[in-house]
Amino acid sequence: MTANNPQKNNNKKSSRICEQELIDVIGVNATLALERVFSASYLYIPARAPSKAIINAVGLSAAMKLVAHFGCGDIWVGKSLLTKYRNISICEEKDQGKTLPELAAQFKTGIPNIRRILKQRGVQA
């Protein structure tokens, strides 16, 4: 909708939320858990009570916070936080002596991707 359209629905929350907003509402650990289960997808947050899938992913307390903050709408669950933590883990495992094939198998990715991640973080492959 454009600025010229006065009928814009201001009550509906944006489905594209910032990952930082998720972290602010439910914390880093719960955001990571949410990304592990629902990454790169839209997730419907019910208005009154969280679904069992959400509770199983993040726990009851965080699920209730999601309902209170985002209830009755879809949110986009990204995966950038999960990717950052994975890349840090790859570098730590490499520093502990793991080989590229071992890292690729452990993190379920290819050796060229492991090399790229290590190079981006300044770790010798």
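We now turn to the structure provided with this report. Owing to the predicted nature of the structure, the values given are computational and were not obtained by experimental measurement.

A tally of helices and strands in the protein chain yields seven helices and two strands. Ordered by position from N to C terminus, the α and β elements of the protein chain give α-α-β-α-α-β-α-α-α. Within the protein chain, the fraction of its 125 residues that count as buried is 34%. Put simply, of all contacts in the protein chain between residues at least 6 apart along the chain, 66% involve residues at least 24 apart.

Considering the arrangement of structural elements, one finds Glu19 in helix H1 (residues 19-26). Of the buried charged residues, Glu19 lacks a salt bridge, with Lys84 as the closest side chain of opposite charge at 5.0 Å. In terms of polar contacts, Glu19 uses its side chain to reach the side chain of Ser80, at 2.5 Å. Leaving out residues up to four positions away in the same chain, Glu19 has contacts with Thr31, Glu35, Lys79, Ser80 and Leu81.

Let us now look at unusual backbone geometry. Of note, Cys72 is a non-glycine position whose phi angle comes to about 70°, a positive value. Here Cys72 is to be found in the loop between helix H4 (60-70) and strand E2 (73-77). Assessed through its relative accessible area of 55%, Cys72 is described here as exposed. The backbone of Lys108 shows a phi angle near 55°, a positive value even though the residue is not glycine. Mapped onto the elements, Lys108 comes out in the loop between helix H6 (100-106) and helix H7 (111-120). Using a relative accessible area of 76% as the deciding quantity, one classes Lys108 as exposed.

A few words on the nonpolar core. It is characteristic of soluble globular proteins that their nonpolar side chains tend to be buried jointly. Among the nonpolar cores identified, the biggest contains 20 residues, and Leu34, Val58 and Leu66 are the most heavily contacted of them. Those elements giving two or more residues to this core turn out to be H1, helix H2 (28-38), strand E1 (41-45), helix H3 (52-58), H4 and E2. If you tally residues by element for this core, the top one is H4, at five residues. With sequence-adjacent residues up to four places away left out, Leu34 is seen in contact with Leu22, Ile26, Ser39, Leu43, Val58, Leu66 and Val77.

This next bit is on the packing of H1 against H4. At a minimum axis separation of 9 Å, H1 and H4 run at an interaxial angle of 125°. Between H1 and H4, the angle is such that the two are oblique. Here the hand of the crossing between H1 and H4 comes out right-handed. Judged by residue contacts, Glu21, Leu22, Val25 and Ile26 of H1 engage Ala62, Lys65, Leu66, His69 and Phe70 from H4.

Thresholds applied
- Residues numbered from 1 in each chain as written.
- Predicted model: local features only at pLDDT ≥ 70, side-chain atom pairs only at ≥ 80, totals over all residues.
- Heavy atoms only, no water.
- Helix = DSSP H or I, 4+ residues; strand = E, 2+ residues; numbered from the N terminus.
- Buried < 20%, exposed > 50% of the residue type's maximum accessible area, 1.4 Å probe, protein only.
- Contact = heavy atoms within 4.5 Å.
- Lys, Arg positive; Asp, Glu negative; His and termini not counted.
- Salt bridge = Lys/Arg side-chain N within 4 Å of Asp/Glu carboxyl O.
- Polar contact = N/O pair within 3.5 Å; in protein donor to acceptor, adjacent residues only side chain to side chain.
- Core = buried A, V, L, I, M, F, W, Y, C linked by side-chain atoms within 4.5 Å.
- Axes fitted to C-alpha atoms, helices over the stretch in contact; angles between N-to-C directions.
- Parallel < 35°, antiparallel > 145°, perpendicular 65-115°, else oblique.
- Left-handed = near helix turned anticlockwise from the far one by under 90°.

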